[in-house]
Amino acid sequence: MKNAKLLLWAGLLFIGTMAHAQTARLQVIHNAADPAADSVDVYVNGTRLLDNFRFRTATPFINVPAGVPVNIGVAPANSNSVQDTIKNFLVSFVQNRKYVAIANGVLSTNGFAPNPNGRNITFTLFASDNMRETGSSRYMVDLNAFHGATDAPTVDVVVRGQNTPLINNATYGDFSGYKSVYPSSYVLDVTPGNDNRTIVASFRANLTGLRGGAAVVFASGFLTPSANSNGRPFGLFAALPNGTVVELPKITTARLQVIHNAADPAADSVDVYVNGTRLLDNFKFRSATPFVDVPAGVPVNIGVAGPNSISVQDTIKNFVVTFTGGKTYVAVANGVLNPLQFASNPNGRSIAFTLFARDGIRERGVARFLTDLIVVHGSTDAPTVDVKVRGLNFLPLVNNLTYGDFSHYLSLPPLRYTLNITPGNSNTVVASFVADLRGLGGAAAVVFASGFLDPSSNQNGPAFGLFAALPSGQVVALPSASATSGPLEGDEQLALSKNGEDEFGLNVPAEFALSQNYPNPFNPSTTISYALASPEFVSLKVYNMLGQEMATLVNEQKAAGRYTVNLDASGFASGTYIYRLQAGSFVDTRKLSVLK
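Residues numbered from 1 in each chain as written. Predicted model: local features only at pLDDT ≥ 70, side-chain atom pairs only at ≥ 80, totals over all residues. Heavy atoms only, no water.

S.K.: So, the sheet that holds strand β35 (residues 465-469): which residues are in play, and what are the values?
M.R.: If you trace the 5 strands from one edge of the open sheet to the other, you get β31-β28-β34-β35-β36, paired in mixed fashion. Either end of the sheet is taken by a strand with one partner, and the two such strands are β31 (410-412) and β36 (475-477). Along the sheet, successive strands turn relative to each other by an average axial angle of 30 degrees, direction set aside. When β35 meets β36, the two strands line up antiparallel, connected through 3 bridges. Within β36, the position partnered with F467 by the bridge is A477. (Pairing = 2+ DSSP bridges. Helix = DSSP H or I, 4+ residues; strand = E, 2+ residues; numbered from the N terminus. Axes fitted to C-alpha atoms, helices over the stretch in contact; angles between N-to-C directions.)

This is how it looks when you write it as structure tokens:
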């Protein structure tokens, strides 16, 4: 069969080059998910080009006649002649252009869900020109995406960890246009358009071997097969120029870290079961697991039993949760087994034993020069609190956090801080702790408030403290500030401008400096860092190689300190640019490269 197809393609190539001087290049992709069209024959100008052309397969790019009408006919598999075609499309190709034609839709709308955006889902060809057989840069991979799932709404495709969608507001039948990305391995989250927090499905795209190449990524199949004649389920596929179609593997697991923060002395050590299997044996208070893979998309039963339990039958609490594939979670076991024997929560929150779960957790920081922290309030008898850096009482790191709440992520320079715990909207310090983040640049952690403010009213349970769970499972106690001696970096020496632009706790740099942007080369955004040894009026601008100003990033008075600024080069052409910092008499320039 493979040799027969090659002969047919060769025959068409001969027809295109001998009978017509003008030719174009064409790749055909079969993406019609109707089970009745699982395999088809394709005719071009009456000649059978493809025999038993199967769903989710593609041709390589081939020569086709240009400048004349071309009839593309689709017939059931094992057809006898062009007379058997059930759909015919008359097209005319432009000389030397490259096309992709995607067969999509259903033969009859009976038995199929309508498109949520009202698009026509009947069988058709979606065609796009200006396609690529190679990448536009030998350093990058060029991707053009096609929305081919008839029952799927408008979607975005978001690269995990990046702020802007790779594909934005694509509706059934749309091509995205080409995007250039680095040849790396990515997690792609498919989300509803303009709602990037709701993940419909996640896929892994390993592009490491495609440097300098191009591909068409197409959404295929049905979100709800049962409403679509039990057709194939939704997936993402990539068609390479040579005709190879690669399925992007769907991520069917999530990542989970479990933290034991239940201060009830009766729960000092517990066994944890997942779907009936013991995951953790004698799991101690104020300890954590590393991040592990857990099943996604199905109910997961997490059971908690006393220490040295015999089986899942010994569990005293069970929680049924469903994780989303590709997401990262933390689950904090918290509360007390018998609330009547403990002080109530000042804000009326339930203190019964439970799991506080949160997604969007990070196993590493988003920037190599910062540390990312998320804080959870896990102290049952503590009121709503703020967390403030000593000397910055007017600007809380964490504001109005109540028992059971998680904060947003905080990105801090990796320095040594004194953290004051105060009641919400008050400067009265309840407790102070030292957070030494030196050596944690590029890292992430979950900081959790633990224990009781008043142990004597809580069965003499453990006293209040702050602890940090690292992704490895290591738990670090933040020492009380009163137990330390000597000056602390960042304390009482903060160099902040009035609007707080210099990061919390960052001591004054010894000299002026302009750093190389990161990443470099980049597309479309990069970060530029600079340091000021004294207050100055600062100008930071970007120029092209002709000296023309392209962007003004900073043009104002700045206090002494270290700063970062983001450059969005979406409107820049590929090439080399210069960025120039002037702060008083200090002037420095560096080069950056945009690759698209």
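So that's the structure; there's more coming.
S.K.: Please set out the packing of aromatic side chains residue by residue, giving values where relevant.
M.R.: According to the stated counting rule, one finds 17 aromatic pairs in the structure shown. Their ring planes at 65 degrees and their centres at 4.9 Å tell us that F93 and Y99 sit as a pair that is edge-to-face. Classification of Y99 as buried rests on a relative accessible area of 9%. Through a chain of ring-to-ring contacts, three or more aromatic side chains come together here, namely F126, F146, Y172 and F175. Taking NZ or CZ as reference, R362 lies 4.1 Å from the ring centre of Y409, over its face. (Phe/Tyr/Trp six-rings, centres within 6.5 Å; stacked < 30°, edge-to-face > 60°. Buried < 20%, exposed > 50% of the residue type's maximum accessible area, 1.4 Å probe, protein only. Lys NZ or Arg CZ within 6 Å of the ring centre and 35° of its normal.)

S.K.: I'd like a description of the sheet that holds strand β30 (residues 398-401), backed by residues and values.
M.R.: Working definition: the strands of a sheet are paired by backbone hydrogen bonds and lie parallel or antiparallel to each other. On the basis of which strands lie adjacent, the open sheet formed by 4 strands has the order β30-β29-β32-β33 and antiparallel pairing. Here the strands that pair on one side only, and so sit at the sheet edges, are β30 and β33 (431-436). Recorded for the sheet is a direction-independent mean angle of 25 degrees between the axes of neighbouring strands. For strand β32 (residues 416-423) and β33, the ladder comprises 6 bridges, and the chain directions are antiparallel.

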